[in-house]
Amino acid sequence: MLYVVAIVAHVLVAVLAIGLVGAIPLTARLARLSSGKVVGSERVLAALLRATQIGFVAMLLTGVLLDLSAAGAFHRAAWFKAAIAVLVLTGFAHARARAALRKEDALALVERWGWAMCALVALITILMQMKPFS
């Protein structure tokens, strides 16, 4: 039963929090191309980054809960270890995007780091779905 609850929580976090990752580069691009005419774009980006930061922590916690509910079966799998490593890289990209947002005229950097996060989240999804190296 714990495993089912953990799966539901993991999927909800993936959809509701991590799903916002795609909005980060799109918002940054829109603000950049409109030459700053999008009022409050930095506030929107900050809110998106804050929400995804909470989402990444929740993903990690629900992933640990999944592993615990499966009696540690996942943490022995190479694909799981690779997914954790990519999650760490995603956290790095997220930190760089937040740092870039604090700089003047850095929307292009926020956009690039946002696309990097999208690619990394896609890679984690592929690893968890295909389970290579098993």
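Predicted model only: the values in this text are computed from it and were never measured.

Q: Pulling in residues and values, what's your account of the environment of Leu 120?
A: Topologically, Leu 120 is positioned in helix H5 (residues 107–130). Between the C-alpha atom of Leu 120 and that of Pro 25, which follows or precedes it by 95 residues, the distance is 14 Å. Not counting residues up to four positions away in its chain, the partners in contact with Leu 120 are Val 86, Leu 89, Thr 90 and Ala 93.

Q: Report on the layout of surface pockets, specifying residues and quantitative values.
A: Considered as a void within the structure, the largest pocket measures approximately 590 Å³ in volume. For the largest pocket, the lining is made up of 25 residues, of which His 10, Met 59, Ile 124, Thr 125 and Met 128 are closest to its centre. Mapped by element, the contributors of at least two residues to the lining of the largest pocket are helix H1 (2–16), helix H3 (41–69), helix H4 (78–101) and H5. Partitioned by chemical class, the residues of the lining of the largest pocket number 19 nonpolar, five polar and one charged. In this model, the second largest pocket occupies a volume close to 170 Å³. Taken together, 14 residues form the lining of the second largest pocket, with Glu 42, Glu 104, Asp 105, Ala 106 and Leu 107 sitting closest to its centre. For the lining of the second largest pocket, the secondary-structure elements that each account for two or more residues are helix H2 (23–33), H4 and H5. It is H5 that provides the largest number of residues to the lining of the second largest pocket, a total of three residues.

Q: Go over the packing of H2 against H3 with me, naming the residues and quoting the values.
A: Two elements in contact, H2 and H3, have axes whose closest approach is 10 Å; the angle formed by their N-to-C orientations is 170 degrees. Looking at the two axes, H2 sits roughly antiparallel to H3. Two secondary-structure elements touch here, H2 through Ala 23, Ile 24, Thr 27, Ala 28 and Ala 31 and H3 through Ser 41, Val 44, Leu 45, Leu 48, Leu 49 and Thr 52. By residue class, the composition of the contact of H2 with H3 is eight nonpolar, three polar and no charged.

Q: Give me the lowdown on unusual backbone geometry, citing residues and values where you can.
A: Backbone geometry places Ala 71, a non-glycine residue, at a positive phi of 60 degrees. Here Ala 71 lies in the loop between H3 and H4.

Q: Could you give an account of a nonpolar patch on the surface, naming the residues involved and the relevant values?
A: Nonpolar side chains collect at one region of the surface, where Tyr 3, Val 4, Ile 7, Val 8, Val 11, Leu 12, Val 15 and Leu 16 lie side by side and expose about 720 Å² of accessible area between them. With respect to the helices and strands, Val 8 occurs in helix H1. Residue classification places Val 8 among the partly exposed positions, given a relative accessible area of 46%.

Cut-offs applied
Residues numbered from 1 in each chain as written. Predicted model: local features only at pLDDT ≥ 70, side-chain atom pairs only at ≥ 80, totals over all residues. Heavy atoms only, no water. Helix = DSSP H or I, 4+ residues; strand = E, 2+ residues; numbered from the N terminus. Contact = heavy atoms within 4.5 Å. 1 Å grid on protein atoms, 1.4 Å probe; cavity = no way out; pocket = protein on both sides within 12 Å on 5 of 7 lines; lining within 4 Å. Points joined across faces, edges and corners; volume = space filled by probe spheres on them. Nonpolar A, V, L, I, M, F, W, Y, C, P; charged D, E, K, R; others polar. Axes fitted to C-alpha atoms, helices over the stretch in contact; angles between N-to-C directions. Parallel < 35°, antiparallel > 145°, perpendicular 65-115°, else oblique. Patch = residues over 30% accessible without salt bridge, like charges linked within 9 Å, V, L, I, M, F, W, Y side chains within 5 Å. Areas by Shrake-Rupley, 256 points an atom, 1.4 Å probe, with all protein chains shown as cover. Salt bridge = Lys/Arg side-chain N within 4 Å of Asp/Glu carboxyl O. Buried < 20%, exposed > 50% of the residue type's maximum accessible area, 1.4 Å probe, protein only.

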